[in-house]
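What follows is the residue order along each chain.
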Amino acid sequence: MIRRLLTPKRSAPAPEYAGNCDLVEDGVVHGWAWLPSAPEAPVEVEQWVDGVLKARSLADLPRDDLAAAGIGDGAHGWRMLLGLDPRKTDPQKVEVRFSGGGPVPNGAFEMTFGRQPETEPEPASALARGHCDGLREGVAHGWAWRPLAPEEHVVVEQWVDGVLAGETVADGVRPDLADSGVGHGAYGWALPLQLDRAKAGPQRIEFRIRGAGPVADGAFDLTYAETDAERSDAAEAAEPSGVVGRCDGLKGSALYGWAWEPSHPDTYVEVELWIEGERAAHARADQFRPDLRSNRVGTGRYGWRLPIDLRLTQNGPLAVEVRAGGVPLPGGVLELKNDFSLEDPANAELRPFVEAVLYGRSKAPAAPQPETPRLTCLAYCPEPTETGPYWMREYDDYPAAMRAFAPALARLGEVVVVHDLEDAAAICAERREQGGACVLFAFGPPRRAPLETPCRMIPVFAWGYPVIPTGSWDGDPRSDWRNVLAFAGRAVTFSQLARDAVLAAMGEHFAVAAIPPPVSAETAPPKPPKRRRTLRLHGVVFDSRDYAYDPEKPIMPPRIWTGGDSFADGVEIELDGVLVTTFMDIEDHRKKGADLVSAFIVANRDKADATLLIKLTELNGEWMAGVYKWLTAQPAFACRVVGVRGPLEGEALDAIIAASHWYATAPNAEGLCLPMQSFLAAGRPAIAPRHSALADLIDDESALIVFSDEEDWRWPADPEDGSFSWGQHPDDVGPTTRHRVSWSSQVSAFEEAYRLATAAPDEYARLSSVAARRARETCSLEAAAAAVQELLGRDVRPEPGPAPSPLMRELAAE
Amino acid sequence: MIFITHTTFDDASIKDNYGAPQYSYHFVMKAFEPVLDRLGRREHVAAPQREVDAIYAAARARGEDCLFLSFSPPQLTPLGLACPTAPVFAWEYETIPDESWTDDPRHDWRYVFARTGMALTLCQAAADAVRRSMGEAYRIWVTPAPVFDRFAALSSEARGWRAPFDLMLEGALAIDTSDFDLSAFRPEQPPQNAERALQMLQVAARGGAPGRALRLEGVVYTSVLCPRDSRKNWEDMVAGFVWAFRNTPTATLVLKLTQAGIEDAVAPILRFLAGLGRFDCRIVLLHGLLSDAAYAALIEATSFAVNTSVGEGQCMPLVEYMSCGRPAVAPAHTAMADYITPENAFIVPSRQRSAIWPHDDRGLQRARNHQVSFAELVRRYRESYRAAQDPERYRRLSAAATESVRNFCSEDVVAGRLREALDWLHRSLGAERRTA
């Protein structure tokens, strides 16, 4: 993060206006403007770049410094995203002007797109601060943070003789820091010294903040012997008898811990409980502790437990010591208080529970304020655009992606779903006051990412092409995604292709993670569906067996079947044999529905026990006629095609998954494939090409791969061909690629799918179990939470990266 | 032997119907004339139902045999004539129409073939498709339009890499992308822009385009096609070319368009090109009917002939260029399988896709066509460009092109096949008359 105060030029305000352009920071220009003669009048400023009006902003942001300086009520600040043209490599002339007035003082300067303003490089220590507090028992402790981004955690590295020997995230809770005004205080770190035991001489130890610089007092020389001595000093001070161990603390009504004598691993140590200077109990440390075993602590049979009567604490705090060999164990000197008093404010959270149990619901007092968590994850997903220009329609299901991500974010902190930015601002202000921090995860295409957020914003988006949009239109700098990404500094995408596309545009060190939305996965091995089964479908259902097809009649005739009373109630269908399920939106031309249906029918023309279930996700009611048209285009077929449109979640979806053998899809580009993830996790292998986001999820051990290769693709030019999903205007940059899916390969894959499901149960079972295992590995909550955590601690260093399209790479290499 | 010939289009209507679906049957018929003259006499008729049987009766009276060659798709072949009839047709699908629609039984080609008892088609793949429906014994001969001799006689020297030279193209408008800014045709511009610009161009050029010289250099790729014919797949051809040669000003693609209306023919291509991003290679659209000399000059200027079709019944332009020793960048499916080889072409792999018989207005999926691989097309363009700079390699490709096409459609080869057909006809007619 670079901060630059623009050098004041000649001050020449327009006669009536006053203001200043204060600084340019992270692609945003800040300043203030007002009309002293009419302080209440709204003042607008304009941003001109190379003579083109790029942005307008009302100067109405409250600023304490302005109020203090007597500039009206202080609400005269403004900020604007710099609208530099990314296609220009030369410096561009930026001019900030009062609307209807002259230039804003210091508002004229030149900048080059993608380059930070030329300025004296500030010392890195100004960007991040930290301190090494000292060594204890061979472990260095300290704290580190980045004052400009208090909600993030920096990474502290340990360098020994110029070698990176260890690293940790500085996120330990340190109330002392918060007390002394260091953000929310959770910036502590501890790193065990990693000296080379082979070196006899002193070794240079340096603690550094990644991407910033050394921490204060974090560089010193030590020999291995010294640290060893220090370690053994500590050990000796605690345990001259050579006993090593620890008191882990009080759990329930007993103290727990472990103790052993490394020189005599087969003997058992006696531990004693001393209360107020008197020996109250003793126990043998001989209980098995798997954690000790896995940490190579002898045989691992060194655990101990000492029961303690907590009623003794009712009369006041008790001094307690756990001793082994006559001296206290580390962690074994405690003061036990009665922590269970209902009156103790520390227990306020549990009080309603106890009182509810004791007195019933009616007596329970109002819930107290819950303790504020360190990090609050604001999940924000603007309402998807369903109307408007064709290129604004979104097909990717961002609300569902947000629901899938929420449990992973919950592992990092409290998750609050916000529906508008005002809510977000209110929550942010509240959390800050309580010493917490917020990060806003904006689910949706970067074109719609909110830039006026009260805290750091991380765009979370789907993308299926090797190039991200970098065009400019409508004066909205967000149409060039690089502006949004540079502003956010970090991004989450759902696929490796999307991540690589971002890296290609933003540089290979840009902080972007590819995280497929986590799906809940059963741990039980998947069971294949029965041969004959009944499936209840909710919503409007279309069944090919209900119609006699007449190619001369393209209009859908009435049904010939009268099995159900009403479409809307859904119907039960009797299934026999193989069921292939696909989710599609007929209007989403990426999905190639017509090809998928024709390939299925061609492959299963003579198979009465093969069914294709199409779950339609679109809103318009024309889908039934659309499916009917695809079917009439085919010669007579014995197989069956069922379409269903309606809300399909929870049990209804689980029932479909359980009844299906396969999940099929054949898009030419895919950014997000939640339905397929759910099918895979349930052991339903896929019939799909292996490209874009699909490539992260399947391989030939977990799917029948349909052949595809790259083809030319541009953002569609013809509204008739409208196939948009990312809220992007067609007037965009040059070419990219998508994938041409082979229809004949799809036919072969459907034939093979039928064969495996009917005649080769072992092969099918193998695909099924691999699919389930891979999906659990790739789309787990743990992996997603860890990836987001890692992303929050990363730095931003822009530099161009390689193109992720093999064809483009090949052409560039020649 | 009298050959009575007929086609839906004749000389007089060709300028007006240029680019219409059946126009190429006219050219097929013209190409057959030298061979028919070798084997007998020709009589062209405009109204077959009235004229054919009259000619046939007169010939029979003289003891002469007749064969009525209808250069038309089978569903337009006149039936019910006394004179022996053979449709001469082009076809590029694995299945022949075996259903009838709109109450015309001839849409079911089996109905037509059963009544003619014989047929001539332009490639092996079409003969195979007919035999799949009619049985292995059905009498069908592969008689491609014999264009080889006429074009081989031009004896222009094939050169892969060309030093700068001027190409004079009388009669045609040359729209050269390196001359103007395509941004006027970008998608955000009103779609009428291209049409209006082209109308203005036409008005300005009324009374004859100025005989402007086109200065070419490097490697020149040429394709002759009708952009309205979706089977030609000019989109891949053009986009693949731009992908392959985005930074190569010495690569030129000349598209000789066979389409009457300039707005219909040129405007969609300009709009498409404007969306391809910046490129240094040249794409030249030729609009208008070239004189024979100008057509020969265009072949002369060409290093490679290009085809990216989803199916071909013969592809006469490709065969003509190869006759003149121009190797190809093309797929090897349908008719191309008869003459495209790794020795004479850079073969673009293709894959089958569900398709519609082109004249089936019901739009039902009863056929397969062949989609080329875009990524491989780009690679073949690049390989061919390198080969053009290796004179010895290019010479081998060129010689192999001529040789392959000679074996496919020289007058000798086609006359031989026709003679087989006539022998069979004589035998069966003789047998009929003996039993009669």
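The following refers to the structure shown. The shown structure was predicted, so the numbers you read here are calculated from the model rather than taken from an experiment.

1. Quick look at the overall build of chain A
Helices and strands together make up the secondary structure of chain A, namely 17 helices and 40 strands. Within chain A, contacts between residues separated by at least 24 positions form 66% of all contacts whose residues are at least 6 apart in sequence.

2. Section: the packing of aromatic side chains
Residue and element names in this part refer to chain A. Scanning the entire structure with this criterion turns up 43 aromatic pairs over all chains. Seen in terms of ring centroids, Y398 and F494 are 6.4 Å apart; in terms of plane orientation they differ by 40 degrees. Their pairing is tilted. Taken together, the residues span a long stretch of sequence, with Y398 in helix α6 (residues 398-409) and F494 in the loop between β28 (490-493) and α9 (496-506) at a distance of 96 residues. In this pair, the class of Y398 matches that of F494, namely buried.

3. Brief notes about the sheet that holds strand β6 (residues 139-142) of chain B
Residues and elements named next belong to chain B. The 6 strands are arranged β2-β1-β3-β4-β5-β6 in an open sheet whose pairing can be described as parallel. Two strands in the sheet have a free side with no partner beyond their single neighbour: β2 (41-44) and β6. Across this sheet, the average inter-strand angle for adjacent strands is 25 degrees, counted without regard to direction. As defined by bridge partners, strand β4 (residues 85-89) adjoins strand β5 (residues 118-121) across 2 bridges and the pair is classed as parallel. Paired with V88 across the bridge in β5 is L120. Along the sheet, helix α5 (residues 124-134) makes contact with β4, β5 and β6, crossing β6 at roughly 170 degrees. Each of β1 (2-7), β3 (66-71), β5 and β6 touches helix α14 (residues 411-435); the most contacted strand, β6, lies at about 165 degrees to it.

4. A word on the sheet that holds strand β18 (residues 254-260) of chain A
Residues and elements named next belong to chain A. Read from one edge to the other, the open sheet built from 3 strands follows the order β17-β18-β21, with strand pairing classed as antiparallel. The open sheet has two edge strands, β17 (244-251) and β21 (303-307), and neither has a second partner. Recorded for the sheet is a direction-independent mean angle of 20 degrees between the axes of neighbouring strands. Pairing of β18 with β21, which is carried by 5 bridges, proceeds in the antiparallel orientation.

Conventions we followed
Within each chain, residues carry numbers counting from 1 in the order of the written sequence. All chains are assigned letters beginning at A, and all ligands numbers beginning at 1, according to the order in which they are written. Residues qualify for local features only when their pLDDT is at least 70, as the model is predicted, and side-chain atom pairs are given and counted only at 80 or more; totals for whole chains, interfaces and linings, by contrast, use all residues. Heavy atoms from the whole structure form the basis of all side-chain values; hydrogens and water molecules are not counted. Only DSSP runs of H or I with at least four residues qualify as helices, and only runs of E with at least two residues qualify as strands; both kinds are numbered from the N terminus onward. Contact criterion: two residues are considered in contact whenever any of their non-hydrogen atoms come within 4.5 Å of each other. The rule is short: rings of Phe, Tyr and Trp, with Trp giving its six-membered ring, pair when the centres are within 6.5 Å, and they are stacked under 30 degrees, edge-to-face over 60, tilted in between. The cut-offs for exposure are 20% and 50% of the maximum accessible area for each residue type, with area from a 1.4 Å probe on protein chains only; residues under the lower value are buried, those over the upper are exposed, and the others partly exposed. Should DSSP find at least two bridges between two strands, the strands are regarded as paired. A fitted line through C-alpha atoms represents every axis, and for helices the fit uses only the stretch in contact; the resulting angles, taken between N-to-C directions, go from 0 to 180 degrees.

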